[in-house]
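Structural overview for review
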Amino acid sequence: MKFYSTEERGLNVDLRSAMLKSLAPNGGLYMPMSIPTFTADDLQAMRHLSMPELSLEVAAQLLDEAIPREVLEDVIYSAVTFDAPVVMHNDRIGACELWHGPSLAFKDFGARFMAELMGYYGQSSEDWRTILVATSGDTGGAVGAGFHGVNGVEVVILYPKGKVSPLQELQLTTLGDNVVAVEVDGTFDDCQALVKKAFLDRNLEHKYLLSSANSINIARLIPQTFYYFRLWQQVKMVSEADLVVAVPSGNFGNLCAGVMAQQMGLPIKRFVAATNVNSVVPEYLESGDYKPRVSVATISNAMDVGAPSNFIRLQHLHGSTWNAMADNLEGFYLSDELTRTTMRAVYDQYKYICDPHGAIGFAALRKHLQEQEVGIYLETAHPAKFKATVDETLGIDCPVPDRLASLQGKTTYKETLGIDYSSFQQWLLARR
Ligand SMILES: *Cc1c(COP(=O)(O)O)cnc(C)c1O
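Quick summary incoming for the structure in this document. (Residues numbered from 1 in each chain as written. Predicted model: local features only at pLDDT ≥ 70, side-chain atom pairs only at ≥ 80, totals over all residues. Heavy atoms only, no water.)

1. As for the site of the ligand
Cut-off, in case you're wondering: By convention in this text, a residue qualifies as near a molecule or strand provided that one of its non-hydrogen atoms is within 4 Å of it. Within 3.5 Å is the distance limit for a polar contact, defined as a pair of N or O atoms, with the added protein rule that one can donate a hydrogen and the other accept it, and that residues adjacent in sequence qualify only through two side-chain atoms. Per-residue accessibility takes into account occlusion by the displayed protein chains alone, with areas from the Shrake-Rupley method and a 1.4 Å probe.
Every one of the 15 residues lining the ligand counts as a neighbour, but Lys107, Asp138, Gly250, Asn251 and Phe252 are closest to it. Measuring from an oxygen atom of the ligand, one finds a backbone N or O atom of Gly253 at 3.1 Å. At 2.8 Å, a side-chain N or O of Thr380 approaches a nitrogen atom of the ligand. Protein coverage of the free-state accessible area of the ligand, which is 380 Å², stands at 97%.

2. Section: the environment of Val259
Where we set the bar: Secondary structure is summarised from DSSP: a helix means a run of H or I of at least four residues, a strand means a run of E of at least two, and numbering begins at the N terminus for each. It only takes one pair of heavy atoms within 4.5 Å for two residues to be counted as in contact.
Of note, Val259 is situated in helix H11 (residues 253-263). Considered as a pair, Val259 and Val305 are 46 residues apart in the sequence and their alpha carbons are 20 Å apart. The contacts of Val259, once residues within four sequence positions are left out, are Phe271, Leu314, Leu317, His318, Asn328 and Leu329.

3. Some remarks on the packing of helix H3 (residues 51-63) against helix H4 (residues 69-79)
To keep things clear, this is the line we draw: Fitted lines through C-alpha atoms give the axes, limited to the stretch in contact for helices. The angle between two N-to-C directions lies from 0 to 180 degrees. Any angle from 65 to 115 degrees is called roughly perpendicular, while one under 35 is roughly parallel, one over 145 is roughly antiparallel, and all others are oblique. Each crossing gets its handedness from the near helix: less than a right angle anticlockwise from the far helix is left-handed, clockwise is right-handed. Under the scheme applied here, ten amino acids are nonpolar (Ala, Val, Leu, Ile, Met, Phe, Trp, Tyr, Cys and Pro), four are charged (Asp, Glu, Lys and Arg), and all others, including Gly, are polar.
In contact at an axis separation of 10 Å, H3 and H4 are set at 135° when each is read in the N-to-C sense. Taken together, H3 and H4 sit at an angle that is classed as oblique. Between H3 and H4 lies a crossing whose hand is right-handed. Contacts between H3 and H4 involve Pro52, Glu53, Ser55, Leu56, Glu57, Ala59, Ala60 and Leu63 on the former and, on the latter, Arg69, Leu72, Glu73, Ile76 and Tyr77. The class makeup of the residues in the contact of H3 with H4 is eight nonpolar, one polar and four charged.

4. Here we look at the environment of Gln168
Short version of the rule: Per-residue accessibility, obtained with a 1.4 Å probe over protein chains only, is compared with the maximum for each type, and a residue is labelled buried under 20%, exposed over 50%, and partly exposed between these values.
Residue position: Gln168 is located in helix H7 (residues 166-173). For Gln168, a relative accessible area of 0% gives the class buried. On a C-alpha basis, the gap between Gln168 and Met1 in space is 35 Å, while along the polypeptide they are 167 residues apart. Residues in contact with Gln168, not counting those within four places in the same chain, are Gly137, Asp138, Asn301, Lys385 and Phe386.

5. Some points on empty space enclosed by the protein
Counted only if it meets this: With a 1 Å grid laid over protein atoms only, a set of points is called a cavity when a 1.4 Å probe fits there but cannot get out and a pocket when it is open yet has protein on both sides within 12 Å along at least five of seven lines; lining residues have an atom within 4 Å of a point. Grid points are joined across faces, edges and corners, and a volume is the space filled by probe spheres set on the points.
If you walk through the whole model with that rule in mind, you get two cavities of 30 Å³ or more. Space inside the largest cavity adds up to approximately 260 Å³. Every residue lining the largest cavity is counted, 26 residues in all, and those nearest its centre are Phe106, Lys107, Gly250, Asn251 and Ala302. Those elements that provide at least two residues to the lining of the largest cavity are helix H6 (138-147), helix H9 (218-224) and H11. Here the lining of the largest cavity is composed, by residue class, of nine nonpolar, 14 polar and three charged. Roughly 40 Å³ of internal volume is contained in the second largest cavity. What lines the second largest cavity is Ala134, Gln192, Val195, Lys196, Asn214, Ile216 and Ser309. Examining the composition of the lining of the second largest cavity, we find that three residues originate from one element, helix H8 (residues 188-200), more than from any other. In terms of residue class, the lining of the second largest cavity is built from three nonpolar, three polar and one charged.

6. A closer look at the sheet that holds strand E5 (residues 93-97)
Inclusion rule: For two strands to be treated as a pair, DSSP must find no fewer than two bridges joining them.
Taken in spatial order, the six strands of this open sheet run E4-E5-E13-E10-E11-E12, and their pairing is mixed. Pairing within the sheet leaves two strands with one partner each, and these edge strands are strand E4 (86-88) and strand E12 (329-333). Pairwise comparison of adjacent strand axes, ignoring direction, gives a mean angle of 25° for this sheet. Bridge count between E4 and E5: three bridges; the pairing is antiparallel. Bridge pairing in E5 links Val87 to Ala95. The sheet strands contacting H11 are strand E10 (242-248), strand E11 (270-275), E12 and strand E13 (373-379), and the helix crosses E11 at an angle near 180°.

7. Section: the sheet that holds strand E2 (residues 8-13)
Read from one edge of the open sheet, three strands run E2-E1-E3, paired in antiparallel fashion. Of all the strands in the sheet, the pair left with one neighbour each is E2 and strand E3 (30-32). The mean angle between the axes of side-by-side strands here comes to 40°, regardless of whether they run parallel or antiparallel. Sheet topology note: the strand E1 (residues 3-5)/E2 ladder contains two bridges and is antiparallel. Within E2, the position partnered with Phe3 by the bridge is Val13.

8. Things to note about the layout of surface pockets
Any space left empty among the atoms is revealed by the rolling of a water-sized probe across them. Its boundaries defined by the atoms lining it, the largest pocket holds a volume of some 450 Å³. Considering the residues around the largest pocket, the lining is formed by 17 residues, among which Lys21, Leu23, Phe199, Leu200 and Glu205 are closest to the centre. Secondary structure elements with two or more residues in the lining of the largest pocket: helix H1 (15-21) and H8. With three residues, H8 is the largest single contributor of residues to the lining of the largest pocket. Classifying every residue of the lining of the largest pocket gives 11 nonpolar, one polar and five charged.

Quick look at the structure:
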């Protein structure tokens with residue numbers, strides 16, 4: 001598989017350089033030059049594969065010999081060590097739980113695959129790489145955990161002060177070793193802007209080999225296609241109805257992966273692009289006007305993004321026309337108050353605890369699902385990651401899985417910086 005850039009159609013790079021560079025020249029994002037498709041017979045043959053077996057078939061098809069099959073097998077079997085189970089609430093609506101990985105959020109799929117791939121490509125190089133990543137909550141934990149202890153790579157994670165949950169902060173700050181957490185006195189967009197500037201900063205080049213693990217990195221999107229196939233397998237066991245998937249979205253990487261899976265031949269009828277009040281994309285789908293803006297803090301903070309970095313990819317995946325995108329994606333957004341109402345309704349009706357992000361997906365389906373369709377929303381994080389909100393909203397004591405509970409009381413390590421680029425640059429230069 002080869003990649004072009006959204007800023008330069010003629011570019012043609014391989015997976016290794018697309019992954020290591022993250023961002024193409026002039027701020028472009030890498031996109032697959034073509035998306036290989038499965039036939040209906042291929043899909044039929046894949047219906048009973050296990051999660052790692054299925055992931056391997058999808059990856060092999062997508063990457064098309066970019067990596068030797070044995071290596072890909074190692075990467076998949078090391079990275080995809082947990083499942084993405086579908087829990088049906090009734091015969092029409094269900095949740096696909098993407099939080100069974102180590103950091104309890106779907107980003108484990110992308111981060112672990114990418115870490116394994118970097119490990120593979122890194123074997124042939126002496127150079128120490130630095131992964132620079134901005135997080136609004138979950139990316140940092142997944143990337144930190146995925147790369148912790150990986151040889152030849154350090155991770156620098158920027159997160160907005162006071163805007164991630166206490167447990168999310170512990171996930172970032174308790175790893176230590178090759179994982180450095182930087183608290184920025186600003187918003188997620190400020191963190192993302194600092195990261196983008198650093199990538200274009202020539203002054204850093206003599207000291208750093210920078211890579212990104214944000215969802216702008218194409219290597220993270222690839223493994224996110226796997227669970228759409230897994231979801232489809234499970235739905236097919238119980239229903240022949242047309243499949244609609246609601247994707248709680250922030251930077252829209254998850255939705256891009258879904259559309260890629262669909263273009264590989266997976267029969268998804270359409271998607272619902274669901275957000276909180278940071279509703280730039282739903283508004284675009286409605287009006288055709290794209291107006292990025294400053295993000296607003298909400299209780300679904302991993303989706304507090306005012307200028308989604310993967311919007312350009314969504315456009316390219318739809319031939320850069322509004323019509324095609326609006327045909328395939330329905331927009332939906334929800335306030336914090338109605339998110340809480342939805343969490344209560346799901347709990348009362350189905351005894352199921354939704355996290356605030358998943359709840360927005362549920363509400364999106366309740367509004368948009370039509371007769372003769374079956375709808376799955378992505379439950380993007382474990383509810384215990386947002387324990388304060390969940391407990392307060394539902395009046396319960398949400399159980400915390402061991403892998404999260406054990407972080408309490410551990411030593412934390414963090415740096416604190418402002419939002420101006422020069423101090424970030426000085427700090428980076430001074431530590432080498
Ligand atoms: C990252 C994240 C999202 C948003 O995903 P995108 O790919 O950025 O759209 C939604 N929910 C949770 C819990 C997340 O961590």
